[in-house]
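Read off the chains here:
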Amino acid sequence: METLLGIKGPDFVMLAADTTHANSVIVMKEDENKIHKVADNLLISTVGESGDTEQFTEFIAKNIALYKMRNGYELSPHSAAHFTRKNLAESLRSRTRYQVFMFVAGYDPKEGPELTFIDYLATSHSLNYGGHGYGSMFCASIFDRYWHANITQEEAYDVLKKCVLEIQKRLIINLKNFNVSVVDANGVRNLEQISAKSLTDYNAAQSA
């Protein structure tokens, strides 16, 4: 029922994640943060089993911090994605596998922006845009239409708004609010939340 979205530009990566935490047919809370800052240049967004998402994200974040303490520099986003995928693959072959779906997003001065899709089977792929969850099914055509190689942060945020608008219109599950974060050369920033109210104003502006 949860949804993650990600989009990469020439010098940034932007992530969006719904804030709903549900158990079966019951909504437990509506202010869940699913986008985690794990380093100055790195974000991880996760959905899946609630205990697994928290535990695995914290495990990755602490190990990346340990790597920086031992070596004096941070892992690049590409290396962090490989490290994350390796640990998820190893857990698959144990009795305590993690049921998590995620995006690893980051910016490196030499390598540039990186957006990596990882699922619970440790499938890993570098993308320009993508999604996890039921909501992502309604976003593929929107990404295909509006993404381009030189997309700006303002345009990317607008594309995410279009995606959330379509999710709220067509998905039977009510995902009211989406947190949005961006990582670029200036580090990690949280952007304005995409909510039902902001989309009402957005619709009005589009219609005017």
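Each value, and the rule that gives it
Residues numbered from 1 in each chain as written. Predicted model: local features only at pLDDT ≥ 70, side-chain atom pairs only at ≥ 80, totals over all residues. Heavy atoms only, no water. Axes fitted to C-alpha atoms, helices over the stretch in contact; angles between N-to-C directions. Helix = DSSP H or I, 4+ residues; strand = E, 2+ residues; numbered from the N terminus. Parallel < 35°, antiparallel > 145°, perpendicular 65-115°, else oblique. Left-handed = near helix turned anticlockwise from the far one by under 90°. Contact = heavy atoms within 4.5 Å. Nonpolar A, V, L, I, M, F, W, Y, C, P; charged D, E, K, R; others polar. 1 Å grid on protein atoms, 1.4 Å probe; cavity = no way out; pocket = protein on both sides within 12 Å on 5 of 7 lines; lining within 4 Å. Points joined across faces, edges and corners; volume = space filled by probe spheres on them. Polar contact = N/O pair within 3.5 Å; in protein donor to acceptor, adjacent residues only side chain to side chain. Buried < 20%, exposed > 50% of the residue type's maximum accessible area, 1.4 Å probe, protein only. Pairing = 2+ DSSP bridges. Lys, Arg positive; Asp, Glu negative; His and termini not counted. Salt bridge = Lys/Arg side-chain N within 4 Å of Asp/Glu carboxyl O.

- Per an unreviewed UniProt entry, the protein chain is named Proteasome subunit beta, and its organism is Drosophila busckii.

Remarks on the packing of helix H1 (residues 50–71) against helix H2 (residues 77–92)
Then step 1. Viewed as axis vectors pointing N to C, H1 and H2 meet at an angle of 130 degrees, and their least axial separation amounts to 11 Å. As far as their axial angle goes, H2 and H1 are oblique. H1 and H2 meet at a crossing whose hand is right-handed. Where H1 abuts H2, its residues Phe 56, Phe 59, Ile 60, Asn 63 and Ile 64 lie against Ala 80, Phe 83, Thr 84, Asn 87 and Leu 88.
Then step 2. Here the residues of the contact of H1 with H2 sort into seven nonpolar, three polar and no charged.

Description of empty space enclosed by the protein
Empty space among the atoms becomes apparent when a probe as large as a water molecule is rolled across them.
Then step 1. Scanning the entire structure with this criterion turns up one cavity of 30 Å³ or more.
Then step 2. Approximately 80 Å³ is the volume attributed to the largest cavity.
Then step 3. Glu 2, His 21, Glu 32, Asn 33, Lys 34, His 36, Thr 46, Val 47, Gly 48, Ser 50, Thr 53 and Glu 54 together form the lining of the largest cavity.
Then step 4. Counting residues per element, the ones that place at least two in the lining of the largest cavity are strand E6 (42–48) and H1.
Then step 5. Here the lining of the largest cavity is built from residues that sort into one nonpolar, seven polar and four charged.

Section: the side chain of Ser 181
Then step 1. Note on placement: Ser 181 falls in strand E11 (residues 178–184).
Then step 2. Looking at Ser 181, its side chain comes within polar contact range of the side chain of Asn 190, at 2.7 Å.

Side note on unusual backbone geometry
Then step 1. Notably, Ala 122 is not glycine yet its phi reads approximately 65 degrees, a positive angle.
Then step 2. Examined against the element boundaries, Ala 122 turns out to sit in the loop between strand E8 (112–118) and strand E9 (124–126).
Then step 3. Residue classification places Ala 122 among the buried positions, given a relative accessible area of 2%.

Remarks on the pairing of strand E1 (residues 4–8)
Two faces make up the sheet, and in a regular strand the side chains alternate between them.
Then step 1. Taken across its five residues, E1 has five buried, putting it largely inside the fold.
Then step 2. Every second residue of E1 is oriented toward a common face, with Leu 4, Gly 6 and Lys 8 on one face and Leu 5 and Ile 7 on the other, all of them buried.
Then step 3. Two elements, E1 and strand E2 (residues 12–18), share five bridges in a ladder whose sense is antiparallel. Within E2, the residue paired with Gly 6 across the bridge is Leu 15.
Then step 4. As consecutive antiparallel partners, E1 and E2 are separated by three residues.

With respect to the layout of surface pockets
Then step 1. The volume enclosed by the largest pocket comes to roughly 340 Å³.
Then step 2. Residue lining of the largest pocket: 15 residues in total, with Met 1, Glu 2, Ala 22, Gly 48 and Glu 49 positioned closest to the centre.
Then step 3. Contributions of two or more residues to the lining of the largest pocket are made by strand E3 (21–23) and E6.
Then step 4. When residues in the lining of the largest pocket are grouped by element, the largest group, three residues, is from E3.

Looking at the side chain of Glu 114
Then step 1. Relative to the elements of secondary structure, Glu 114 occurs in strand E8.
Then step 2. Buried and unpaired, Glu 114 has Lys 8 as its nearest opposite-charge partner, separated by 5.0 Å.
Then step 3. Within the structure, Glu 114 has its side chain in polar contact with the side chain of Ser 126 (distance 2.8 Å).
Then step 4. Leaving out residues up to four positions away in the same chain, Glu 114 has contacts with Lys 8, Val 13, Pro 77, His 78, Val 104, Ala 105, Gly 106 and Ser 126.

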